Amino acid sequence: NPFEEDWLHEVSRRPMAGIVKHFRDYMYQDISSRSLTKVPERLMDLVHMQMLKLSFNHIQRLPSTMSTLVELQTLIADHNEIFQVEPWIKHLTSLQELALDYNRLMSVPREMGRLSSLTTLTLEKNSISTLPMELGRIP
């Protein structure tokens, strides 16, 4: 019966759509504009996360526990109060895009030069006077 086949197909698709949405929610986190002062530790449990948006908060530092997010490809942390990027950032080897515009950075660590997958780095509207030579090695 064609009606039964269509109904069965539709029913079987519903749970999968929910699973896919649930999985996507774990891979892409946008917690922008939440008045956060620090990165929530529970995010570090999302080890398969690929994109994290932290824009327009009041975050002052990125915790070293973020180094466990080795599949992270995009980190958008613009418009915060980040004053330092620590050397642990070198462990985010899958990182392709890093946006740290509109923060309070005065420098960035030379270890950022080890981010071999990085293709986009934005640091506008910070107080950085010089960049480490190691950043010139990024493809």
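Below is a summary of the structure that appears in this document. The numbering scheme is per chain: residues are counted from 1 as the chain's sequence reads. A pLDDT threshold of at least 70 governs which residues receive local features in this predicted model, and a stricter bar of 80 or more applies before side-chain atom pairs are shown or counted, although totals over entire chains, interfaces and linings include all residues. Each side-chain value is derived from all of the structure's non-hydrogen atoms; neither hydrogens nor water enter the calculation.

1. Things to note about the environment of aspartate 101
And step 1. With respect to the helices, strands and loops of the structure, aspartate 101 is situated in the loop between strand S4 (97–99) and strand S5 (120–122).
And step 2. Overall, aspartate 101 belongs to the buried group, its relative accessible area being 12%.
And step 3. Sequence-wise, aspartate 101 and leucine 121 are 20 residues apart; in three dimensions their C-alpha atoms are separated by 9.3 Å.
And step 4. Side-chain atoms alone can form a polar contact between residues adjacent in sequence; in general such a contact is a pair of N or O atoms within 3.5 Å, and within protein one must be able to donate a hydrogen while the other accepts it. In this structure the side chain of aspartate 101 is engaged in a polar contact, spanning 2.8 Å, whose partner is the side chain of threonine 122. Counting from the N terminus, the helices are DSSP H or I runs at least four residues long and the strands are E runs at least two residues long. Here the term buried applies to any residue with accessible area under 20% of the maximum for its type, exposed to any over 50%, and partly exposed to those in between, with areas from a 1.4 Å probe on protein chains only.

2. Points about the side chain of glutamine 50
And step 1. Along the chain, glutamine 50 falls in the loop between strand S1 (28–30) and strand S2 (51–53).
And step 2. What makes two residues a contact is simply this: any of their non-hydrogen atoms within 4.5 Å. Those residues within four positions of glutamine 50 in sequence are excluded, and the remaining contacts are Met27, Tyr28, Glu71, Leu72, Gln73 and Thr74.

3. Some points on unusual backbone geometry
And step 1. With phi around 55 degrees, histidine 79 is a residue other than glycine that occupies positive phi space.
And step 2. Counting through the fold element by element, histidine 79 comes out in the loop between strand S3 (74–76) and S4.
And step 3. The phi dihedral of tyrosine 102 is positive, around 55 degrees, even though this residue is not glycine.
And step 4. Among the secondary structure elements, tyrosine 102 is positioned in the loop between S4 and S5.

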